[in-house]
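# Structure assessment
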Amino acid sequence: MNRSKWGNGMLQNWLYTYRIHIIAWTAFIVWETVMVIYFLGLLGTFGNYAIHYTINITLFYTYALLIEKATVFPNRAIWKVPLVVISTILIYLAVVTGVDILLNTYTNILPGEMPSLRIRISRVLYRGSFFLLFSTGYYFLKRFIREKAEKSRIEKQRFQMLIDQEKMDKELAMSKNAFMKAQINPHLLFNTFEFVHQKLSTYSPEDAKVMLYLSDMMRFAANTQHNEGYVYLSEEIAQCENLIGLHRITQGAIYIELASGPDLGEIKLIPLVLLTILENMFKHGNLNDIENKATIDVYTFDGKLRIESRNLPRLVKSKVGFGSGMDNISNRLKYAYHQNAEITAGIDEEGFYTLNISISLNALTIESEDKKTEQTIAV
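Below, the structure is looked at part by part. Residue positions within a chain follow its written sequence, with the count starting from 1. For a predicted model such as this one, the threshold for reporting local features is a pLDDT of at least 70, and the threshold for listing and counting side-chain atom pairs is 80 or more; totals across whole chains, interfaces and linings nevertheless cover every residue. Side-chain metrics rest on all non-hydrogen atoms present in the structure, leaving aside hydrogens and water.

Moving on: the overall build of the protein chain. For helices the rule is a DSSP run of H or I covering at least 4 residues; for strands it is a run of E covering at least 2, with both sets numbered from the N terminus onward. A tally of helices and strands in the protein chain yields 11 helices and nine strands. Here's how the labels work: a residue is buried when its accessible area is under 20% of the maximum for its type, exposed when over 50%, partly exposed in between, all with a 1.4 Å probe on protein chains only. Counting every position in the protein chain, which comprises 379 residues, the buried fraction comes to 33%. When checking whether two residues touch, look at their non-hydrogen atoms; a contact exists if any pair is within 4.5 Å. Partitioning the contacts of the protein chain with sequence separation of at least 6, the portion at a separation of at least 24 is 72%. All accessible-area figures derive from a Shrake-Rupley calculation using a 1.4 Å probe, and residue coverage is judged against the displayed protein chains alone. About 24600 Å² of surface is accessible on the protein chain, with carbon and sulfur atoms providing 61% of the total.

What follows concerns the packing of aromatic side chains. In summary, the pairing rule links any two rings of Phe, Tyr or Trp, Trp by its six-membered ring, whose centres are within 6.5 Å, and it sorts them by plane angle into stacked for under 30 degrees, edge-to-face for over 60 and tilted for everything else. Counted by the stated rule, this structure contains 17 aromatic pairs. An aromatic cluster of at least three residues, connected via ring pairs, comprises Trp25, Phe28, Trp31, Tyr49, Tyr53, Phe60, Tyr61, Phe130, Phe131, Phe134 and Tyr138.

Take the side chain of threonine 97 next. Summarising the element assignment, threonine 97 is placed in helix α4 (residues 77-106). Here leucine 93 takes part through its backbone oxygen, which lies 2.7 Å from a polar atom of the side chain of threonine 97. Any pair of N or O atoms that falls within 3.5 Å is considered a polar contact. Within protein, one atom must be able to donate a hydrogen and the other to accept it, and sequence-neighbouring residues count only if both atoms are side-chain atoms.

Let's shift gears to the environment of phenylalanine 220. Along the chain, the position of phenylalanine 220 falls in helix α7 (residues 205-224). Given a relative accessible area of 6%, phenylalanine 220 falls into the buried group. Taking the C-alpha atoms as reference points, phenylalanine 220 and glutamate 235, 15 residues apart in sequence, are found 7.9 Å from one another. In this structure, phenylalanine 220 is in contact with Val231, Glu235, Glu236, Gln239, Leu272 and Leu275, ignoring residues within four places of it in sequence.

The nonpolar side chains of a soluble globular protein tend to be buried, and buried together. Take the buried Ala, Val, Leu, Ile, Met, Phe, Trp, Tyr and Cys residues and link them wherever side-chain atoms come within 4.5 Å; each set so joined is a nonpolar core. Counting 44 residues, the largest nonpolar core has Leu233, Leu269, Ile277, Leu278, Val298 and Ile357 as the members making the most contacts within it. The element that contributes the greatest number of residues to this core is helix α9 (residues 273-284), accounting for seven residues. Once residues within four sequence positions are removed from consideration, isoleucine 357 is found in contact with Val273, Ile277, Leu305, Arg306, Ile307, Ile329, Leu333, Glu342 and Ile343. Among the nonpolar cores identified, the runner-up in size contains 23 residues, and Trp25, Leu59, Val84 and Val124 belong to it.

Moving on, we come to helix α2 (residues 19-40). Helix span, as expected, comes to 1.5 Å for every residue beyond the first. With 22 residues, α2 extends 31 Å from end C-alpha to end C-alpha; this agrees with the ideal 32 Å at 1.5 Å per step. Those residues of α2 that sit buried are Trp25, Phe28, Glu32 and Thr33. Take α2 and look down its axis: the buried residues cluster within an arc of 125°, on one side only. Turned more than 90 degrees away from the buried face of α2, the exposed residues are Ile20, Ile23 and Tyr38. Looking one or two residues beyond α2, the residue adopting positive phi is glycine 41, at roughly 70°. This arc is taken over the directions from the axis of the helix to the C-beta atoms.

Right, dumping it as structure tokens:
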């Protein structure tokens, strides 16, 4: 019973898939039969129609398939196409002639006497050329539809890429803006920098470091606008150190360790990845527990750049998802590095919020230290 239902389902799917072909061939056969009856007054047997239309329909699709295969490489089609045409006609001529001889000899499907060999060959060649012509048109129609569909797909993909690019640009601009707002108002810095720095350096050299941190961070943020979307990883690490120092001055004792490998100076990365991770720690992490310090480790291993962070959350939950900052990082990494970047985050067994980013070094922009030095001098 199940096999019968499965067979009926397959048949229904096949009929639905090729419904246009079935309708077109049915209309053609009916039309041609009516024309033959009207002009010649002849009506062949059902067996005659069934056998010869089966051969002709097979010729139609076989020839279209062979032409498609022969034109896969256009530079070789100049000799393949004539070969396909000639061989198809010869095979068709042999098959039809042989079938007619067998039918005339052993059955009564073909009425009347067989015409001469010359007339039979002429009729078969005409009939074959007729279906080859329509088959050629069918091939070009399929090719046109396929190329149009491919062009439409490419246009949609290009349009989607433009949308994604615009989205990433907006998200990067928002990330930069959020970072700047979270740390300092640029106008306030420019208006009060000289006054505050002089006062602090006179009475409290330690507190005067705040101005140095802010100055360095502002310079980094300004340079980020002109680096074609990438910054040296070592420079962003330096800004993270500045941000940690700034928070230690303004908030007192915080326990966070930033460790980086010695081979990161040549690597370029999309900006504000590390800074967003660090800012997320300051907003949502418990950084006042000396026994459970927060950590950020940046290093290369096994052909990949790895960024790992770990900290106690302020509010311990059973499950922690990405906030807007983490969503921003995830989307930007996916857009910039595609399948070459992986990011995971969550609460581990000890109750720490952990974040792990892995990016293939082959997907990163790596410049020599000499070139980096030249760019720095030029700036």
